[in-house]
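Overview (structure and organization)
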Amino acid sequence: MADGAQKIDIRGSVSADEWKARVDLAAMYRLVALHGWDDMIFTHISHRVPGPDHHFLINPYGMLFEEITASSLVKVDLDGNVIQETEYFINPAGFTIHSAVHAARDDAHVVMHLHTDDGVAVSCQKDGLMPLSQTSMLVRHDLAYHDYEGVALDLGERERLVADLGTRNTMLLYNHGTLAVGGTAAETFLRMFFLERACTMQVRALSAGRDGVIVAPEAVQDVVKGQSNPEGTKVLANRLAWPALLRKLDRQSPGYDS
């Protein structure tokens, strides 16, 4: 744990709603580390602060995901300006993608972006996420794509990214990584879990070569799409998966909620 993360506890200086958002977001960072999805101090997850202001929480730059606590998260406005007294700072460039999605999608309270080995590997494949596994077929109908434009420093890219995302909740950023959004930390994390698992399954399946895999027929893909239940997935995420994940954190990475 970083020394700075041990020194501060801002629980008493924020609203109950903001504190819950902080705990949920800190949990997401710790879970990313536990799953091996982190990219050292790089990539970001952001969470909108409940209330009328367009304020958001994001990770302090320079902290490993396994070190992040609810108190160490930094509150920023839609332009990435820090709006709280804090000893930490952020990477403004890291908020470019997140600010675009938050501004365009009122339902996207949480935005999660990763650079995992398997997620990036699939984002480099011309066919994108293929209908090879049941998991991929459950994901594909809610998956968007965005062409690579370089390191996300150009604010002009934001308009094109949100246009490509549209109303979908997951995205492959070609040659770059994965993205998931949701109304809660639980929904966002579960969507990313399925997307990342589908990418890993594809990378392993393609070890047999492109001609050595079975691509599901379109009729079967349609069946699986029809069997998906977005509302049911939200219930699964919020009521079952998320509490289980928090119990895992309490055992394996305590202190995130401080």
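Structure shown above.
Residues numbered from 1 in each chain as written. Predicted model: local features only at pLDDT ≥ 70, side-chain atom pairs only at ≥ 80, totals over all residues. Heavy atoms only, no water.

Here we come to the overall build of the protein. The secondary structure content of the protein amounts to 9 helices and 7 strands. Its C-alpha atoms give the protein a radius of gyration of 18 Å, near enough to 18 Å, the size a compact globule of 258 residues would have. Residue burial in the protein is summarised as follows: out of 258 residues, 48% are buried. A sequence separation of at least 24 residues applies to 68% of the contacts in the protein between residues at least 6 apart. About 12,100 Å² of surface is accessible on the protein, with carbon and sulfur atoms providing 51% of the total. With 23 positive and 34 negative side-chain charges, the protein shows a separation of 6 Å between the mean positions of the two kinds. (Helix = DSSP H or I, 4+ residues; strand = E, 2+ residues; numbered from the N terminus. Rg over C-alpha atoms; globule rule 2.2 N^0.38 Å. Buried < 20%, exposed > 50% of the residue type's maximum accessible area, 1.4 Å probe, protein only. Contact = heavy atoms within 4.5 Å. Areas by Shrake-Rupley, 256 points an atom, 1.4 Å probe, with all protein chains shown as cover. Lys, Arg positive; Asp, Glu negative; His and termini not counted. Charge placed at Lys NZ, Arg CZ, Asp CG, Glu CD.)

Within the fold, S136 resides in helix α5 (residues 134-140). Once residues lying within four places of it in the same chain are set aside, the contact partners of S136 are L129, M130, P131 and A198.

With that settled, the discussion passes to the nonpolar core. M28, M112, L129, F189 and W242 are the most contacted members of the largest nonpolar core, which totals 52 residues. Secondary-structure elements contributing two or more residues to this core are α2 (16-34), β2 (55-58), β3 (74-77), β4 (110-114), α7 (185-205) and α9 (230-252). No other element matches the 11 residues that α2 contributes to this core. Every residue in contact with F189, bar those within four places of it in the chain, is listed here: M28, L31, V32, H35, W37, M112, W242 and L245. Counting residues in hydrophobic clusters, the runner-up holds 11 residues, among them I97, A144, M171 and L173. (Core = buried A, V, L, I, M, F, W, Y, C linked by side-chain atoms within 4.5 Å.)

Which parts of space are left empty comes out when a probe the size of a water molecule is rolled across the atoms. There is about 460 Å³ of room inside the largest pocket. As for the largest pocket, its lining consists of 22 residues, and the residues nearest its centre are H141, D142, R191, P230 and T233. Elements represented by at least two residues in the lining of the largest pocket include exactly α5, β7 (177-182), α7 and α9. The element that contributes the greatest number of residues to the lining of the largest pocket is α9, accounting for 5 residues. Grouping the constituent residues of the lining of the largest pocket by class yields 7 nonpolar, 9 polar and 6 charged. (1 Å grid on protein atoms, 1.4 Å probe; cavity = no way out; pocket = protein on both sides within 12 Å on 5 of 7 lines; lining within 4 Å. Points joined across faces, edges and corners; volume = space filled by probe spheres on them. Nonpolar A, V, L, I, M, F, W, Y, C, P; charged D, E, K, R; others polar.)

Spatial strand order, β3-β2-β1-β4-β7-β6-β5: 7 strands in an open sheet with mixed pairing. The open sheet has two edge strands with one neighbour each: β3 and β5 (143-146). Averaged over neighbouring strand pairs, the angle between their axes works out to 20 degrees when direction is ignored. Bridge count for β4 against β7 is 5 bridges, and the pairing is antiparallel. Bridging from a neighbouring strand, L114 pairs with T178 of β7. Sitting on the sheet, α7 is in contact with β4, β5, β6 (170-173) and β7, with an inclination near 150 degrees to β7. (Pairing = 2+ DSSP bridges. Axes fitted to C-alpha atoms, helices over the stretch in contact; angles between N-to-C directions.)

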